[in-house]
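# Descriptive analysis of the structure
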Amino acid sequence: MEYCYCLSFKIHTILSIGIFLFMLCKALSNYYRFTPSQRHLYLFLSVLCAPQQAFATSLPQSSWPELNHHPFLLIGAGLTFTLVMFLTRKKLRKPLSPQQQDLSQDSLFASAPIAMGVVHNRVIQRVNDELCSLSGYSRHELTGTNSRLLYFDDQEFVRIGQEHADQLSISGHGSLKCWWRRKNGAKIFVSIETKPQDSNHPESATIFSVKDITGDKKFVENLIHNETYYRTMIEMAVDGILIGNHEGIIVEANHQICDMLQMKRETLVGHHITELPFTHESMDTTPFRFDLMQQGKVVIRERRFQRPNGEIIHVEMRSKMMPDGTYQSIYRDITKAKLTQQALRESENKFALAFAASPDAININRLEDGRYIAVNNGFTEISGYTWEEVKNKTTLDLGIWHDRNDRERFIYALTTKGFCNNLEAVFKRKDGSLGTGLVSARIIKIGDIPHTLSITRDVSQERQDAADLKRLQVAIDQAGEVVVITDPIGKIQYANPAFEQVTGYRLDEVYLKNPRLLKSGEHDEQFYQSLWQTISSGKRWSGRMVNRKKDGSLYTEEAAISPVFDAQGKIVNYVAIKRDITDQLGLEAQYQQAQKMESIGRLTGGVAHDFNNILAVIIGYSEMAMAKIESGNPLYHDLDKILEAAHRSAEIVQQLLAFARKQSIAPQIIQLNQRVESLLKMLRRLIGESVELHWLPCDHLGKILVDPAQVDQILANLCINARDAIESTGTIWLRTSQVYLDQKFCNQHPDASERPHVLLEVIDNGCGMEKEVMQMIFDPFFTTKGVAGTGLGLATVYGIVTQNKGIITVDSQPNKGTTFSVYLPVAEDAKFSEAVEEELRETIMGQGEWILLVEDDPAILQLACTMLDTLNYRVLPAASPHEALLKIGSHAAPISLLLTDVIMPGMNGAQLAEHLMSQYPQLRVLYMSGYTADIIGQHGVLDENIPFVQKPFDLTTLSAKIHQVLSKRGKALRDQTDSVYTE
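Bringing the overall build of the chain into the picture now. Along the chain, the regular secondary structure elements total 34 helices and 32 strands. Out of the 983 residues in the chain, the part that is buried amounts to 41%. Partitioning the contacts of the chain with sequence separation of at least 6, the portion at a separation of at least 24 is 55%. Total accessible area on the chain is roughly 54200 Å²; 55% of this is exposed by carbon and sulfur atoms.

Extensive coverage of strand E5 (residues 206–212) is indicated by the burial of 5 of its 7 residues. Here 5 bridges tie strand E1 (residues 115–120) to E5, and the two strands are oriented antiparallel to one another. What sits directly across from Val118, in E5, is Ile207. With 7 bridges connecting them, strand E4 (residues 187–196) and E5 associate as antiparallel partners. Bridging across to E5, Ile192 finds its partner in Val210.

What follows covers the packing of aromatic side chains. This structure, assessed with the given rule, holds 11 aromatic pairs. Here a set of aromatic residues connected by ring pairs shows up, and it is made of Tyr151, Phe157 and Trp180. For the cation-ring pair, Lys187 lies above Phe152, with the distance from its terminal atom to the ring centre recorded as 4.1 Å. Above the ring of Trp179, the side-chain terminus of Lys187 is found at 4.7 Å from the ring centroid.

Glancing now at the sheet that holds strand E29 (residues 874–878). The strands that make up a sheet are held in pairs by hydrogen bonds between backbone atoms, and each pair lies either parallel or antiparallel. Here 5 strands make up an open sheet; going across it, the order is E29-E28-E30-E31-E32 and the pairing parallel. Every other strand in the sheet has two partners, leaving E29 and strand E32 (948–950) as the edge strands with one partner each. The mean inter-strand angle of the sheet, taken between neighbouring strand axes irrespective of direction, is 20 degrees. Sheet topology places strand E31 (residues 924–929) next to E32; 3 bridges connect them, and they run parallel. Bridge pairing in E32 links Met928 to Val949. On the sheet, helix H29 (residues 858–870) packs against strand E28 (850–854), E29 and strand E30 (897–901) and is oriented at approximately 170 degrees with respect to E29. Across the face of the sheet, helix H30 (residues 881–890) comes into contact with E28 and E29 while running at roughly 135 degrees to E29.

This part covers the side chain of Thr486. Along the polypeptide, Thr486 turns up in strand E16 (residues 482–486). Overall, Thr486 belongs to the buried group, its relative accessible area being 8%. Residues within four places of Thr486 in sequence aside, it is in contact with Lys491, Ile492, Gln493, Pro515, Val572, Asn573 and Tyr574.

Within the secondary structure, Ala725 sits in helix H25 (residues 708–725). Expressed as a C-alpha distance, the spacing of Ala725 and Asn815, which sit 90 residues apart in the sequence, is 10.0 Å. Discounting chain neighbours no more than four positions away, the residues touching Ala725 are Asp764, Gly766 and Cys767.

Tallying each qualifying case throughout the model produces 28 salt bridges. The closest approach of N and O atoms between Arg332 and Asp239, which form a salt bridge, is 2.8 Å. With Arg332 in strand E10 (residues 327–333) and Asp239 in the loop between helix H9 (227–236) and strand E6 (240–244), the pair connects residues that are 93 residues apart, well separated along the chain. Judged by its relative accessible area of 24%, Arg332 falls in the partly exposed class. Within this structure, Arg506, Asp508, Glu509 and Lys550 form a network of salt bridges that share partners.

Pairing within the open sheet is antiparallel, and its 5 strands lie in the order E7-E6-E10-E9-E8. Each end of this open sheet is capped by a strand with a single partner; those strands are strand E7 (250–253) and strand E8 (299–306). Neighbour-to-neighbour, the strand axes of this sheet turn through a mean angle of 25 degrees, independent of strand direction. Alignment of strand E9 (residues 312–321) against E10, held across 7 bridges, turns out to be antiparallel. Note that in E10 the partner of Met321 across the bridge is Tyr327.

Before going further, it helps to examine helix H21 (residues 525–536). Between its terminal C-alpha atoms H21 stretches 16 Å, which fits the 16 Å expected from 12 residues at 1.5 Å a residue. Contacts made by the buried residues of H21 are with strand E18 (541–548), strand E19 (554–565) and strand E20 (571–580). At the exit of H21 stands Gly538, carrying a positive phi of roughly 90 degrees.

A few words now on the packing of helix H24 (residues 672–687) against H25. What describes two packed helices is the angle between their axes and the distance between those same axes. At a minimum axis distance of 10 Å, the contact between H24 and H25 shows a crossing angle of 40 degrees. When the axis of H24 is compared with that of H25, the two are oblique. For the pair H24 and H25, the sense of crossing is right-handed. Two secondary-structure elements touch here, H24 through Leu672, Arg675, Val676, Leu679, Leu683, Leu686 and Ile687 and H25 through Pro708, Ala709, Val711, Asp712, Leu715, Ala716, Cys719, Ile720 and Arg723.

Once that is clear, we can look at unusual backbone geometry. For Asn392, which is not glycine, the phi dihedral falls at a positive 60 degrees. Judged by its relative accessible area of 43%, Asn392 is partly exposed. Positioned with a positive phi, Asn422 is a non-glycine residue whose angle comes to about 50 degrees. Structurally, the position occupied by Asn422 is in strand E13 (residues 419–428).

Our next topic: the environment of Leu926. With respect to the helices and strands, Leu926 occurs in strand E31. Taking relative accessible area as the criterion, Leu926 reaches 0% and is therefore assigned buried. Not counting chain neighbours up to four residues away, the residues in contact with Leu926 comprise Leu897, Leu898, Leu899, Thr900, Pro947, Phe948, Val949, Lys961, Ile962 and Val965.

Moving on to the environment of Leu741. With respect to the secondary-structure elements, Leu741 resides in the loop between strand E24 (730–740) and helix H26 (743–748). When its relative accessible area of 4% is taken as the criterion, Leu741 is described as buried. If near-sequence neighbours (up to four positions away) are discounted, Leu741 is found in contact with Cys746, Ala752, Ser753, Glu754, Arg755, His757 and Tyr823.

Bringing the pairing of strand E11 (residues 361–366) into the picture now. In terms of burial, E11 is largely enclosed, as 5 of its 6 residues are buried. Judged from the 3 bridges that link them, E11 and strand E12 (residues 372–375) form a sheet pairing that is antiparallel. Directly across from Asn363, in E12, lies its bridge partner Val375.

On to the side chain of Asp487. With respect to the helices and strands, the residue Asp487 is situated in the loop between E16 and strand E17 (492–495). In this structure, Asp487 is buried with no salt-bridge partner, the nearest side chain bearing the opposite charge being Lys491 at 5.7 Å. Sequence-distant contacts of Asp487, that is, excluding residues within four places in its chain, are made with Gln493, Val572, Asn573 and Tyr574.

A few words now on the packing of H29 against helix H33 (residues 955–966). Where H29 meets H33, the closest approach of the two axes is 11 Å, and the angle between their N-to-C directions is 70 degrees. With respect to each other, H29 and H33 are oriented roughly perpendicular. For the pair H29 and H33, the sense of crossing is right-handed. Packed against H29, whose contacting residues are Met867, Leu868 and Thr870, the element H33 presents Leu955, Leu958 and Ile962 at the interface. A per-class count over the contact of H29 with H33 returns 5 nonpolar, 1 polar and no charged.

Of the residues in the chain, 76% reach a pLDDT of 70 or more, and the chain-wide mean stands at 78. In this model residues 53–70 is a low-confidence stretch, pLDDT under 50, and it forms 19 contacts with partners more than four residues away in sequence or in other chains.

Reading the values: the criteria
Residues numbered from 1 in each chain as written. Predicted model: local features only at pLDDT ≥ 70, side-chain atom pairs only at ≥ 80, totals over all residues. Heavy atoms only, no water. Helix = DSSP H or I, 4+ residues; strand = E, 2+ residues; numbered from the N terminus. Buried < 20%, exposed > 50% of the residue type's maximum accessible area, 1.4 Å probe, protein only. Contact = heavy atoms within 4.5 Å. Areas by Shrake-Rupley, 256 points an atom, 1.4 Å probe, with all protein chains shown as cover. Pairing = 2+ DSSP bridges. Phe/Tyr/Trp six-rings, centres within 6.5 Å; stacked < 30°, edge-to-face > 60°. Lys NZ or Arg CZ within 6 Å of the ring centre and 35° of its normal. Axes fitted to C-alpha atoms, helices over the stretch in contact; angles between N-to-C directions. Salt bridge = Lys/Arg side-chain N within 4 Å of Asp/Glu carboxyl O. Expected span 1.5 Å × (residues − 1). Parallel < 35°, antiparallel > 145°, perpendicular 65-115°, else oblique. Left-handed = near helix turned anticlockwise from the far one by under 90°. Lys, Arg positive; Asp, Glu negative; His and termini not counted. Nonpolar A, V, L, I, M, F, W, Y, C, P; charged D, E, K, R; others polar. pLDDT = per-residue confidence, 0-100.

Shown next, in the form of C-alpha cells:
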C-alpha cells in the first residue's frame, strides 16, 4: 500500500512539474509582448508559485505518502498560470478601434511604396499614386470605374472574382495572381493581396495591394535570400530598418535608423525593441501589437522618439513578423509631415474661422456644374439667401448675375488665368434689389475635384457714396453759386468754376491767398472784423457785401459763411456759399418799375370805358351839329374846336391804353425795313431840316408780327424824342439788324425769350441823360420838356413794345447822345395774310337796311340811333339783350345787322349774337365797346374774324365798319384774312 502511495505521488508530481514547465515556456515566449503591468503580474505569480514547487520537490520520500495532497496544489498553480496566459493573450488580441483603422488606412495610402487601392462591389473607390503609376491610368480615370478596366480579358475578370470570393469566405483575406493590361496596352502579371476594410463586416469595401511580378520569380527569390543584395537594399533604403529575432532582440539596423535616432548601431543591436527611446505617451497610446504580428499582419503605428538632445521626432513604424519568427520594422520620419499637417490643421481652423466670421460673401461652387457646396453668413447677409435656399443650386438658378457680361468676364478670367481679382459686377439680391460687388475667385481642389472659391465684397454703399460725392463735386463745379473753402486762418484752398466766372480770378491765382483781395472799399473795417468774429466763434454769418472783380468792376454778392468742425469740435475749414446778385438787384428795380407801370395801367383801364363813352357822345353830336350848319357860321368853328379836343382826348386815352398794353391792335406780318422806308419822308418832315436822318438797314432781316400803325407810333415818338435832345444841329441814325437773345440777356430782362429778334435802333448825338433821368423816362406823365410835353411819348413806346412781346433798352451818357434799342421777336410759324383794306375816309351811306341796335347806356343808344339814321339806316333800338329778343321776334322786316355792345348785364353781346344767329343764319354782327381790350377779350369778341369797332367812334368810322360787314367784299375779307385781336 505504501508503494502505491509513493507511485501515485510521483506520478502527480511529474505531471504538475510538466504542466508548470509547459506554461512557463509559453509565458516566456510572450514575455516581451507584455506591457510593464503585465510583466509585473507575471513575476508576482511566479514568485507565488515557486515556493510550492520547491517545497514539494525537497520533501523526503518517507513523507510523500503523508503529502499526497501536494499534487493538487501544484495542479492549481498550473491552472492559475493557464488562466493568466489566457487573459493576457485575449488582451493582446484586442482588435483596433475604427478610428485607428481609418488612421492606418489613410497613412497606408499616403505613404505606402506599393500600389494600393480600395474596391467595393468591384468598383474602384480609392487608389494611390503607385497604383496609378503601375496601371498607367490617372486617379480621375480609375476612381468610380469598374475594376474590369484593369483585367486582360473578361474570363480573367470572372475567374479572379470567383476565386477572391472563395478565399474571403474561408480565410477572410485573399491572395491572387492574374494578368492585367496597362493603359498603353502592355500585359503584366501581378500579385494581389486583399483584405476587408472592416474585419467585422466582410461585405464592406476591400483593400488591395498590387505587385508587378512579371519578371523572373527565381531571380527575385534569390535576390531576397542573397545576403549581399539584401544588405545593400537595407542600406540603400530611404527609411530606417530594424530586424529582430523571435525574442524581440534587435539583430540588424541600417544607417538611416541610426541617423534618425541619432544613435550608433552598437547601441541598437543586441537590445530589445522596447528599449528604443519611445516617449511614454507614445507607448501608452499605441502599445505593441505582437498578437497581430504573429498573425502575419503588417502593424502600422505612429510613434514618437526622443533623441539624446531631447528633440522629439515623429515616425511611422511598419512591423511584420516573418515565417521564421523574426520580425522586421520600417521607420519613416514623418516629423515634417506632422508639422505640415499641424500647420494645415491650424490653417484650416483659421480658414474655418475666417469663413464663418468674414463680413464678405464667401461661397464654394463645384467647377463642373457650378452648384453651391458651401456659403458663409456674409453671403446670407449680402444676398439675402440662406444656405438651404442655395444648396445644390447654381447662380443661374438664383439669377444672382444682373448683367450676363459680368458672368462671362468672370468665367473667362477663371478659364484663361485660373483666377479672378476684384471683378466689379452688379448682383441681384433675393428681394430684387441690386448691389455692386468686387468678386475675387480661385480654383481649388477638394478631394481631387476642382471647385471655385469666391469672395465677394459688397461695395454698394461705397459706390453710392462715391457717386454721391461725384454728383456733389459736379453740382459744386456746375453750380451758379460761388463756393470757396478756406483753412482755419482764412487761406483759400478751393474755389469752384463759378468763382472764376464771377470774379475773373482763376483758382491758381488765389490758392492759399486771403479773400481780402476781393475787397472793394465799400465797407469799413468794422464790417470785416464783425464777420471774422462771428465765424471764428463757431457761428454762421450771412449777409450782402460789395466786392471788386479782377477787372476792377464792382459786384454785389449775397454770402453765407459757415465753420467746419472735426470730430473733436475744432474748426478745420470755412465754407462760403456766395451768389452774385448784381443782376438780381437790377431786376428788382425793374420789377418795382413794372409794378408802378402796372398800377398806372390798371388805373387807365378802369376809367377808359366811361371816358370813351363820354367822348363818343361829344364826338358824335359835334359831328352831327356841324353837319347841320354852314361852315361859315361862327358856331361851326366852335363845334370844330370841340370836336378837335374830343379827338385829342381820344388819342390820349389810346396812348394810355397802349402804355398799359390794353388797346386793340391789328397785327400783320410785315418787313420792318419796308415799313421804315415808307415813313422816311414823313419822319424827315417831322424832325425838321436842322437834323440829319440817316437810314442804315440790314440786308437780311426776318419778318415780324406787329400792327403797322404801332410801328409808326414807335418811330414817330423816338424820332421826336431824339430831335428834342438835339439843341441846334445834329444827326439821328435809324439802324436795323437781326440778333439772337442769349441766356445772359434773358436773365437781365425776364420778359425776353431766347429766340431771334429784329433790332431797331434810334441813335442821336444829343445832350444825353443822367442815370436818374433814364430810370424814369418810361413813366407816364414824366417829362423834361416842361409844359411842352405830355410825358406819354416814351410811355406809349414802352407799352407798344411790351405788348408785342418785345424789349426796349436805353443807353445814354450826358453830352454823348442816346441809343434806344427795340427788340421785336421774329415771326415763327405765322400765317401770312393780305393787308386789310384801308378804311374809307369818306362817309358811306346805307341803303335803308334794318339794324338791330343793342346798347345799355341810354346816351350812347340815343347817339347811335341818330348816327345810323343819318347814315340812311333804319334802326330797331333795344336797351338790353332781353328787349332785343322781344323786338326782333315781333319785327316783320328782315334784320341785316346786329350792332351790339359787348358787355351788358344779364347777357353779353357774344351770347346774344350766338342766340340770334341760330334763328337767323344770314344775320351779320358788328361789336362795339368802350372797355379795354383785355376785358373785351374775356368775352370772346376779339377773336379772329370777328368785326369790332372801338368807342369812341365817329360817323365815318362807323359807316366804314358797317359797310365792310354788310358788303360781299367785306365778307370775303372776313373769310380770308386774320382779323382784329388783342394781346
